[in-house]
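# Structural overview
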Amino acid sequence: MRFPALSFWTHELAIDLGTANTVVYAQGKGIVFNEPSIVALHVKKNQVVAIGSEAKKMFGRTPENIKAIRPLKDGVIADFKITEELLRYAIKTSLNKKFGRPKTIICIPSGITEVEKKAVKDSALSSGASQVYLVDEAIAAALGVGLPIEEPTGNMIIDIGGGTTEVTVISFSGIVYSKSVRVGGDEMDNAIIQHVKRKYNLLIGERTAELVKMTIGSAYPLTEEQEMDVKGRDLLEGIPKILHIKSEEIREALTEVVATIVDAVKTALERTPPELSSDIADTGIVLTGGGSLLQNLDLRLREETGLPITLSDDPLMSVAMGAGKLISLPDLLNQVTID
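Here is a short report on the structure shown in this document. (Residues numbered from 1 in each chain as written. Predicted model: local features only at pLDDT ≥ 70, side-chain atom pairs only at ≥ 80, totals over all residues. Heavy atoms only, no water.)

### Observations regarding the layout of surface pockets
This is how it is decided: Cavity: a set of points on a 1 Å grid over the protein atoms alone where a 1.4 Å probe fits but cannot get out. Pocket: an open set with protein on both sides within 12 Å along at least five of seven lines, its lining residues, like those of a cavity, having an atom within 4 Å of a point. Grid points are joined across faces, edges and corners, and a volume is the space filled by probe spheres set on the points. In DSSP terms, a helix is any run of H or I states spanning at least four residues, a strand is any run of E spanning at least two, and both are numbered starting from the N terminus. Basically, the charged four are Asp, Glu, Lys and Arg, the nonpolar ten are Ala, Val, Leu, Ile, Met, Phe, Trp, Tyr, Cys and Pro, and anything else, Gly included, counts as polar.
Of the voids in this model, the largest pocket is the one considered here, and its volume is about 820 Å³. Taken together, 41 residues form the lining of the largest pocket, with Ala20, Asn21, Gly290, Gly291 and Leu316 sitting closest to its centre. Going through the elements one at a time, strand S1 (12-17), strand S2 (21-26), strand S3 (30-36), strand S11 (155-160), helix H5 (185-200), helix H6 (206-216) and helix H11 (318-327) are the ones with two or more residues in the lining of the largest pocket. Broken down by element, the residue count for the lining of the largest pocket peaks at five residues, all from H6. Split into classes, the residues belonging to the lining of the largest pocket amount to 16 nonpolar, 14 polar and eleven charged.

Structure (structure tokens):
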């Protein structure tokens, strides 16, 4: 797949189609769309009620005839039709009305199947894109955080999204090694839900679990441990209840998820060629993605690997920003596009 000899396209988008959020970069404008990957659907009428931020407000709060759906699971399409609606909304919202069908770069996890790749491409084409170029999200993330991926040196990046964690070693514009585990921010939320349910017989929702994770969740002991009140439904009495919970036990609840991420990093380091390993020992590892915002995850990884760990400046935007850079780098885009 070759591009015309142009320094840039006339109108084009780069999309990070994430399990938790969909982010769109537009040439010349930067980030123009950043909303949750959620669609609210009227079940009986089979009609879309809301998309993105408006749909998230409904999550866990809708009557039986309205369902708030996450069309992507573990970084890939779980519901083709609903994903089309999400992409159509994102593309339409991101473009100036005078423009027609945009050329579009979409970032995907390395571990997805050929069938899943086709589903992403077909959804984008059905949603208004004229051409679709698939790029590994690890390559985009590395570009987004400023790693010199075109040089023949080893660069390691850990991208923790809503549904997947990608541990990737990149050199000379290519992926030398990639380990994808279907664990991310959503699994952290679920671990908190299950812990509170098992230990306290209290049922909390996904939004509450996410708030707990963001507020007092951690992967390594905090300088000052924290605590907060959590609201939910008592499963024994069936009434609303408030629970006071501490950061230490949330860290305990997240142990298995964090251990899975740590194991993936260790496996990647073990399988990296020696010459590139020496580069990584010098430059360290870059941590990005929404899940990387878990408190002290960088300290945990530093202790486990003995290597410098750098948290990217804007972990939520790195994939979209990197994909956006590819718009004006057609030669590099030709090298990294996945057929």
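There's more to say after this.
### Some words on helix H4 (residues 137-144)
To keep it simple, the criterion reads: Exposure categories follow from relative accessible area, calculated using a 1.4 Å probe and restricted to protein chains: below 20% of the type maximum is buried, above 50% is exposed, and the middle band is partly exposed. We call two N or O atoms a polar contact when they sit within 3.5 Å, provided that within protein one can donate a hydrogen and the other can accept it, with sequence-adjacent residues counted only if both atoms are side-chain atoms.
Of all eight residues in H4, seven are buried, a share of seventy percent or more. Every buried residue belonging to H4 is among Glu137, Ala138, Ile139, Ala140, Ala141, Ala142 and Leu143, and all of these are buried. The N-terminus of H4 is capped by aspartate 136, whose side-chain oxygen sits 2.9 Å from the backbone nitrogen of alanine 138. Two residues or fewer past H4, glycine 146 is found with a positive phi of approximately 90°.

### Some points on the packing of aromatic side chains
Note the threshold: Pairing of aromatic rings covers Phe, Tyr and Trp, the last through its six-membered ring, and needs centres within 6.5 Å; plane angles under 30 degrees mean stacked, over 60 mean edge-to-face, and all others mean tilted.
Inspection of every chain in the model, using the stated rule, returns one aromatic pair. Arranged with centres 5.6 Å apart and planes meeting at 75°, the rings of phenylalanine 33 and tyrosine 89 form a pair that is edge-to-face. Placement of the pair is phenylalanine 33 in strand S3 and tyrosine 89 in helix H2 (residues 80-94), with a sequence separation of 56 residues. For phenylalanine 33, a relative accessible area of 3% corresponds to the buried category. Residue class for tyrosine 89 comes out partly exposed when judged on its relative accessible area of 28%.

### Focus: the packing of H4 against H11
Heads up, the condition is: Note on geometry: axes are C-alpha line fits, over the in-contact stretch for helices, and angles between N-to-C directions span 0 to 180 degrees. Throughout, the term roughly parallel applies to angles under 35 degrees, roughly antiparallel to angles over 145, roughly perpendicular to angles from 65 to 115, and oblique to all others. Contact criterion: two residues are considered in contact whenever any of their non-hydrogen atoms come within 4.5 Å of each other.
In the contact formed by H4 and H11, the axes pass within 6 Å of each other and the chain directions differ by 90°. As judged from the angle between their axes, H4 and H11 are roughly perpendicular. Mapping the contact onto sequence places Glu137, Ala140, Ala141, Leu143 and Gly144 in H4 and Ser318, Val319, Met321, Gly322, Ala323, Lys325 and Leu326 in H11. Residue classes in the contact of H4 with H11 are distributed as seven nonpolar, three polar and two charged.

### Examining the pattern of salt bridges
Operational definition: A pairing counts as a salt bridge when a side-chain nitrogen of Lys or Arg comes within 4 Å of a carboxyl oxygen of Asp or Glu.
Considering all chains together, one arrives at 14 salt bridges under this definition. A salt bridge links lysine 56 to glutamate 210; the shortest N-O distance between them is 3.4 Å. In this pair, lysine 56 sits in helix H1 (residues 53-58) while glutamate 210 sits in helix H6, placing the two residues 154 residues apart along the sequence. Between glutamate 114 and lysine 117 there is a salt bridge, and its shortest N-O distance comes to 3.1 Å. Of the two residues, glutamate 114 and lysine 117 both sit in helix H3 (residues 114-126), three residues apart, roughly one turn of that helix. Three or more residues joined by partner-sharing salt bridges are found here, namely Glu84, Glu85 and Arg88.

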